[in-house]
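# Structure assessment
The residues making up each chain are set out below.
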Amino acid sequence: IAAIAATITRLLTAANTGDYRMGLSLYTRAFRQRSAAQAGMTEAEFEAALASAPPPPPEEWLSLQAIDSVELLPDGRIAVVAFYQKATGAPPSPERYIFVQDQPGPWLIDDIAPASA
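## Topic: the layout of surface pockets
Over the atoms rolls a probe the size of a water molecule, and in doing so it shows where empty space is left. Considered as a void within the structure, the largest pocket measures approximately 420 Å³ in volume. Of all the elements in the fold, those that place two or more residues in the lining of the largest pocket are helix 1 (2-17), helix 2 (20-24), helix 3 (29-38), helix 4 (43-51) and strand 3 (95-101). Looking at the lining of the largest pocket, the element that brings in the most residues is helix 1, giving 5 residues.

Encoded structure:
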């Protein structure tokens, strides 16, 4: 769980500072491809668009508040629900992450979706 929390924290830090390319490196290749396809772009176009996107203002920065609902999926992946906190204002709704690990590598994000109530 600590390694998964560290991966989410690295993703949030990358998003906060506008280092979206580093954030994408935390995704599985399949998730990068699905994300690009959802945006109607090739993977290269998606990465280029993210590389030119400005970072959010510091008051919009997110940090990880908690991880809950840890579940080992039948295929060996792990699902968790992440709760966030924001520098100011209400944080966004929790999200459900799916993680996969290629032994002996790091945990990679294979999906992010709104957490169901």
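## Comments concerning the pairing of strand 3
Sheet topology note: the strand 2 (residues 78-86)/strand 3 ladder contains 5 bridges and is antiparallel. Bridge pairing in strand 3 places Val81 opposite Arg96. Bridge count for strand 3 against strand 4 (residues 107-114) is 7 bridges, and the pairing is antiparallel. Its bridge partner being in strand 4, Glu95 is matched across the sheet by Pro114. Hairpin connection, strand 3 to strand 4: the antiparallel pair is bridged by 5 residues.

## Topic: the confidence of the model for the protein
When pLDDT is averaged along the protein, the result is 93; 99% of the residues meet or exceed 70. Per-element confidence in the protein is highest for strand 2, whose mean pLDDT is 97, and lowest for helix 4, whose mean pLDDT is 91.

## Considering the packing of aromatic side chains
Taken as a whole and judged by the stated rule, the model has 2 aromatic pairs. Plain terms: the ring middles of Tyr27 and Phe31 are 4.5 Å apart, the flat faces sit at 45 degrees to each other, and that makes the pair tilted. Given the relative accessible area of 14%, Tyr27 is considered buried. Between Tyr97 and Phe99 the ring centres are 5.8 Å apart and the planes differ by 15 degrees, which places this aromatic pair in the stacked class. Accessibility expressed as a relative area gives 1% for Tyr97, which makes it buried.

## Some details on the sheet that holds strand 1 (residues 62-72)
The 4 strands lie next to each other as 1-2-3-4, forming an open sheet whose pairing is antiparallel. Both edges of this open sheet fall to strand 1 and strand 4, since each of them pairs with a single strand only. Adjacent strand axes in the sheet meet at a mean angle of 30 degrees when their direction is disregarded. Two elements, strand 1 and strand 2, share 8 bridges in a ladder whose sense is antiparallel. If you follow Ser63 over to strand 2, its bridge partner there is Gln85. Contacting strand 1, strand 2, strand 3 and strand 4, helix 1 crosses the sheet at an angle of about 145 degrees to strand 1.

Rules and cut-offs
- Within any chain, residue numbers begin from 1 and follow the written order of that chain's sequence.
- Totals for whole chains, interfaces and linings use every residue, but because this is a predicted model, local features are given only for residues with pLDDT of at least 70 and side-chain atom pairs only at 80 or more, for both listing and counting.
- Hydrogens are left out, water is left out, and the side-chain values use all remaining heavy atoms of the structure.
- Points on a 1 Å grid, built from protein atoms alone, make a cavity when a 1.4 Å probe fits but cannot get out and make a pocket when they are open with protein on both sides within 12 Å along at least 5 of 7 lines; residues with an atom within 4 Å of a point are the lining residues.
- Grid points are joined across faces, edges and corners, and a volume is the space filled by probe spheres set on the points.
- Secondary structure counts use DSSP, requiring at least four H or I residues in a row for a helix and at least two E residues in a row for a strand, with both numbered from the N terminus.
- Here a strand pair is declared whenever DSSP counts at least two bridges between the two strands.
- Scored between 0 and 100, pLDDT is the confidence that the predictor attaches to each residue.
- For this analysis, a ring pair means two rings from Phe, Tyr or Trp (six-membered ring only for Trp) whose centres lie within 6.5 Å, classed as stacked if their planes differ by under 30 degrees, edge-to-face if by over 60, and tilted for the remaining angles.
- The classification of residues rests on relative accessible area computed with a 1.4 Å probe and restricted to protein chains. Under 20% of the type maximum is buried, over 50% is exposed, and intermediate values are partly exposed.
- To get an axis, a line is fitted to the C-alpha atoms, and for a helix only the part in contact is used. The angle between two axes follows their N-to-C directions and goes from 0 to 180 degrees.
- Throughout, a residue-residue contact means that at least one pair of heavy atoms, one from each residue, lies within 4.5 Å.

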